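# Structural characterization, general
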Amino acid sequence: MREKSTALTILKSWLNRGKQHFESIPVLIWLNVITILILSLLSIYAKIKSKGAGIESLFSDPFYFSIFYLGWFTSISEILWCTAIAICLFSAWLLPKSSRRFQIFLAASAVVMLLLFFDDRFRLTLILCVFFNTCKLVKLSVYSVYGLLLISYAWLFRHTIRQTPYIPLLASFCLFGFSSAIDVTPISSRGIHAMLEDGTKLVGLINLTIYFWWICQQEVKKNIVQK
């Protein structure tokens with residue numbers, strides 16, 4: 001009886017601690033509720049419509065037994081996108097109000113990268129190609145919008161960017177532009193096309209990630225020293 005009481009006490013203690021931790025991060029509560037709700041609705045839909053295989057495919061790993069390296073570089077690119085975005089958001093949150101301009105720069109950088117990452121990850125441009133049935137025109141239009149977005153971003157934050165070693169950032173922009181140009185260029189060799197398009201994008205992402213890692217590190221160190 002005493003062991004049962006002790007177990008209940010321990011369980012109650014853990015539940016209270018868990019409640020306190022979740023209440024200290026309210027957004028986490030909402031994200032969990034929304035995610036569970038969406039998964040529940042999908043499960044009910046799959047049960048009613050017999051769409052179990054479709055739901056399973058949502059969680060399938062990008063792996064093919066006879067080609068074990070399928071998508072490796074794509075996965076690395078996605079990790080780099082997420083790393084750069086996370087560095088910017090975390091650093092913007094970490095820096096004090098005295099670095100307000102730099103915080104805004106990092107937040108805007110994260111938003112721009114999120115947009116590009118979502119397009120890259122969820123193939124939004126290709127989805128538009130399917131809808132409009134004119135792939136080349138759609139790609140040219142979308143890439144033009146992205147180009148204008150990057151130019152506007154560079155112009156708005158030119159003073160902040162100039163205070164940093166901005167060549168890697170400029171190089172990444174150029175590589176992204178080159179990658180987009182190759183995407184709409186007819187090249188017969190699939191290997192060359194992939195290397196020129198995806199390879200240059202990967203190099204651009206490496207430059208982008210290291211650039212933000214370095215400038216965020218320097219800014220955080222500067223504020224620590226000032227304190």
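Here's a quick rundown of the structure. Chains are numbered independently. Their residues run from 1 in the order of the written sequence. Predicted model: local features are reported for residues with pLDDT of at least 70 only, side-chain atom pairs are reported and counted for 80 or more only, and whole-chain, interface and lining totals are derived from all residues. Side-chain calculation: all heavy atoms of the structure are included, whereas hydrogens and water are not.

### Some points on the overall build of the chain
- A count of helical and extended segments in the chain gives ten helices and zero strands.
- Written out in order from the N terminus, the α and β elements of the chain read α-α-α-α-α-α-α-α-α-α.
- All radius of gyration figures rest on C-alpha atoms, and the globule criterion is 2.2 Å times the number of residues raised to 0.38. Radius of gyration (C-alpha) of the chain: 23 Å, far over the 17 Å computed for a compact globule of 227 residues.
- The principal-axis extent of the C-alpha atoms belonging to the chain is close to 75 × 60 × 35 Å. Numbering of helices and strands starts at the N terminus; helices are DSSP runs of H or I of at least 4 residues and strands are runs of E of at least 2.

### Quick word on the nonpolar core
- Counting residues in hydrophobic clusters, the biggest one holds 35 residues, and the most contacted among them are Trp81, Phe105, Leu106, Met113, Tyr153, Leu208 and Phe212.
- For this core, the secondary structure elements donating two or more residues are helix 4 (72-94), helix 5 (100-122), helix 7 (135-156), helix 9 (167-183) and helix 10 (190-226).
- Counting residues per element, this core draws most heavily on helix 5, at nine residues.
- Only heavy atoms enter the contact rule, under which two residues are in contact if any of them lie within 4.5 Å. Discounting chain neighbours no more than four positions away, the residues touching Tyr153 are Phe105, Ala108, Ser109, Val112, Ile161, Phe173 and Phe212. Put simply, a nonpolar core is a bunch of buried Ala, Val, Leu, Ile, Met, Phe, Trp, Tyr and Cys residues held in one set by side-chain atoms that sit within 4.5 Å of each other. Remark: exposure states derive from per-residue accessible area (1.4 Å probe, protein chains only) relative to the maximum for the residue type, with buried under 20%, exposed over 50%, and partly exposed in between.

### A look at the packing of helix 7 against helix 9
- With their axes 10 Å apart at the nearest point, helix 7 and helix 9 run at an angle of 170 degrees to one another. On the basis of their axis angle, the class for helix 7 and helix 9 is roughly antiparallel. Across the interface between the two elements, Lys139, Tyr143, Leu150 and Tyr153 from helix 7 touch Phe173, Ser180 and Asp183 from helix 9.
- Asp, Glu, Lys and Arg are counted as charged, while Ala, Val, Leu, Ile, Met, Phe, Trp, Tyr, Cys and Pro are counted as nonpolar; the rest, among them Gly, fall into the polar class. Grouping the constituent residues of the contact of helix 7 with helix 9 by class yields four nonpolar, one polar and two charged. Only the stretch in contact is used when a helix axis is fitted, and all axes are lines through C-alpha atoms; the angle between N-to-C directions ranges over 0 to 180 degrees. Angle categories: roughly parallel below 35 degrees, roughly antiparallel above 145, roughly perpendicular from 65 to 115, and oblique for all the rest.

From the geometry alone we can't say anything about function, so treat these as descriptive.
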